[in-house]
Amino acid sequence: MATKPPTGDPVQDAPQVEPAPHAAAGLPAVAHSLRIAQQQMGVRRTAQTLLKVNQKNGFDCPGCAWPEGDKRHTAEFCENGAKAVAEEATLRRVTPGFFAAHPVADLAERSGYWLGQQGRITHPVYLPEGADRYEAVTWERAFAIIAEELTALGSPDEALFYTSGRTSNEAAFLLQLFAREFGTNNLPDCSNMCHESSGSALTETIGIGKGSVSLEDLHQADLIIVAGQNPGTNHPRMLAALEKAKTSGAKIISVNPLPEAGMERFKNPQTPQGMLKGTALNDLFLQIRIGGDQALFRLLNKLILAAEGAVDTAFVAEHTHGYEEFAQAAEAADWDETLTATGLTRAEIEQALALVLASKRTIVCWAMGLTQHKHSVPTIREIVNFLLLRGNIGRPGAGVCPVRGHSNVQGDRTMGIFERPAPAFLDALDKEFGITSPRHHGLDVVRSIQALRDGEAKVFFAMGGNFVAATPDTAVTEAAMRRARLTVHVSTKLNRSHAVTGTRALILPTLGRTDKDVQAGGKQFVTVEDSMGMVHASRGNLTPASPHLLSEPAIVARLARAVLGTGSRTDWEAFERDYATIRDRISRVVPGFEDFNTRIARPGGFTLPHAPRDERRFPTATGRANFTAAPVEYPGLPDGRLLLQTLRSHDQYNTTIYGLDDRYRGIKGGRRIVMVNPEDAAALGLTDGAYTDLVSEWKDGVERRADGFRIVHYPTARGCAAAYYPETNVLVPLDSTADTSNTPASKSVVIRFENTRSV
Ligand code: SF4
């Protein structure tokens, strides 16, 4: 029988610490998956959903963007996928009665975990100006309120249309079309906070901002470097791909300030051998200092250049540009500086070099540990240099592999959700719809917060997500959001952003991936694009959580009709009636989607073209793959300070908190913890189990505090600390961002400790 949501709050945050395991998945993962699923859905619904997730005729997991192989297992999901499905398909409900009983001020006092555990929102609700709680509202009235505010703006650029990566291709395409027909490119999205640095670096160096490898390539690689990523928690089924590569003889290097159980040993629940013994993954663990990755790859490049016959000179000559300038910069790399920047030993780097030189097919995978630093873009460019040197792009078993977070974050960008759209995309859109899209760039996430803060943006519309919890500088962001005239959230469940409102606010409840979607044109499906450029269909199979929900495409179509009125020649009604009409238009606007409706009907979908992977053709400014030679950077650290990285626990997906444990790090029952290296702790007088306040330091002199964190002595790299977000996003300065990509530098925050006390 599914359980009731927690009523009492605050849910006690009392972290306990036990030894961290040295293996991921296995029986505990199966047990946790089924326990959480049963708690939220009960037994029957658990079977109904978990046997359909990631199946070719099923729905796409609302968790991460890891791809499926052509052959599907009966259970084609991981523990965190099961948690994501359970949270969405929960039997718990948030009705108008709930909102009547919980004023916004009360919701604002609740933890993110408590809010998320209340269940699916059943009705559209509205917070009128001056009111203290949300009340039920009709959809017609809700769209009229939004139209009122949008049409009253002095400029379309006073509106912001935010997209979280769970939004389907069809809804994303309609949202960008609406925003551009309305007159703005203000389309910030969650990519701005995660892989924007990857997109910027790859577009410049290889001509496309996406990974160049398939799942098959991972299985064929003989060296896989996993840098700044924790697959065991954030992309768990990636471990199965690493295991398969390992079984075929591949070597694996992980580069991370934290040892992670998932890279030590993977107990694959799909096989008895896996379940019991598992497979050791790491051949070499480089416990690098936060932000030391660019220096590491620069030195490896120097050593490759010096190694006899190590450079693929034919590839370099035929396909690249800028080799000389790069080689000069690489040869200047200094051992001592690199050892300082990385915290690694000479022996460790030489071990890595030996594995690199022995490899014929190398793939580098990465995630936020590389993308959320001031120098993230040069770091990723250096990785491209590293792969170009030995021709590891555009052939089987080799390439770049930025592993995306949200299940359709890559698809949303492909559909045009981008504040800096390519002129060619706008040309195609304008031609197809007979509109005149704005050509000036819009605002990304950080600039959107600055515009709200400065009163330049007045309406905030979010398609999914939990903006105020996911973004940096929480105190600034929340104050900025409260300056808006209207905040609108299209959501499935409650979260913090619903309690931090503009003068007026709306919550518009929508269908989830697990829900059946029936429109006037019959049963509908949506499509998503995974981290490796595979586009496939997703068909929900559950009766929706309430008859009062609208699908994402329907919400955008009705919004557009309410705002644009008869002035729009776009047939928004047809889009709502049958999503095939949306895909027809996509096929004429977005390259790679030709004949979309026919190709998507194939079980498993299709792979988008990728010129560097498919043809070793590099659509860059030079028409070649570009070597680059940026100066090496790494974060400095004043005495008595540590460098903090914000990260997820194992019971978390972005800002969705599934539970209060972080099983793979031995932490239970609480989230306000800070992991500190025991030697650093001794030097700073930080006793294990004591409590302390974290204070971040930034050039603006503003004091940003996060109080009451339990100190956990943990084998982090020296000088480096770690704590969970969103609790520590308050410490990340809004203006502390990556050069070029403007991604918040959430992985390198200088902190000091105050008021340390034992309790
Ligand atoms: S690996 Fe990612 S996409 Fe796959 S089941 Fe797990 S959370 Fe879902």
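Residues numbered from 1 in each chain as written. Predicted model: local features only at pLDDT ≥ 70, side-chain atom pairs only at ≥ 80, totals over all residues. Heavy atoms only, no water.

Trainee: I'm lost on unusual backbone geometry in this one. Help?
Mentor: Glycine aside, the phi torsion of most residues is negative, and most peptide linkages are trans. For the bond running from Tyr725 to Pro726, omega is 5 degrees, close enough to zero to count as cis. Counting through the fold element by element, Pro726 comes out in the loop between strand 32 (720-724) and strand 33 (749-757). With phi around 55 degrees, Asp595 is a residue other than glycine that occupies positive phi space. By secondary structure assignment, the location of Asp595 is in the loop between helix 28 (580-589) and helix 29 (596-600). A relative accessible area of 48% means that Asp595 is categorised as partly exposed. A positive phi angle, close to 60 degrees, is found at Asn742, a residue other than glycine. (Helix = DSSP H or I, 4+ residues; strand = E, 2+ residues; numbered from the N terminus. Buried < 20%, exposed > 50% of the residue type's maximum accessible area, 1.4 Å probe, protein only.)

Trainee: Sorry if this is basic, but what is going on with the sheet that holds strand 32 here?
Mentor: Hydrogen bonds along the backbone pair up the strands of a sheet, which may run parallel or antiparallel. Strands sit in the order 25-32-29-31-30-33 around a closed barrel of six strands; the barrel is mixed. Across this sheet, the average inter-strand angle for adjacent strands is 45 degrees, counted without regard to direction. As paired strands, strand 29 (residues 673-676) and strand 32 are joined by two bridges and run antiparallel to one another. Counted as the bridge partner of Val676 is Ala721 from strand 32. (Pairing = 2+ DSSP bridges. Axes fitted to C-alpha atoms, helices over the stretch in contact; angles between N-to-C directions.)

Trainee: Got a minute to help me understand the packing of aromatic side chains in this structure?
Mentor: We describe a pair of aromatic rings using the distance from one ring centre to the other and the angle between the two ring planes. Scanning all chains against the criterion turns up 22 aromatic pairs. Here the aromatic rings of Tyr162 and Phe460 are separated by 6.3 Å at their centres, their planes lie at 20 degrees, and the arrangement is stacked. Here the residue Tyr162 occupies a position in strand 7 (residues 159-163), and Phe460 occupies one in strand 16 (residues 459-463), the gap between them amounting to 298 residues. Grouping residues by exposure puts Tyr162 and Phe460 together as buried. A connected cluster of aromatic rings, assembled from ring pairs, spans Phe98, Phe99, Trp114 and Tyr134. (Phe/Tyr/Trp six-rings, centres within 6.5 Å; stacked < 30°, edge-to-face > 60°.)

Trainee: I tried to follow the nonpolar core on my own but got confused; where do I start?
Mentor: In this structure, Ile146, Leu150, Phe161, Phe178 and Leu506 are the most contacted members of the largest nonpolar core, which totals 61 residues. Non-local contacts of Phe178, meaning those with residues more than four positions away in its chain, are made with Leu150, Phe161, Val556, Leu559, Ala560, Val563, Leu564 and Trp572. Within the second largest apolar cluster, 50 residues are counted, among which are Val316, Phe326, Ala333 and Ile380. (Core = buried A, V, L, I, M, F, W, Y, C linked by side-chain atoms within 4.5 Å. Contact = heavy atoms within 4.5 Å.)

Trainee: Looking at this structure, how should I read the sheet that holds strand 2 (residues 24-25)?
Mentor: One open sheet accounts for three strands, arranged 2-10-11; its pairing is mixed. In the strand order of this sheet, the two ends are held by strand 2 and strand 11 (279-280), each with one partner. Bridging between strand 2 and strand 10 (residues 265-267) involves two bridges; their strand directions are parallel. Directly across from Ala25, in strand 10, lies its bridge partner Lys267.

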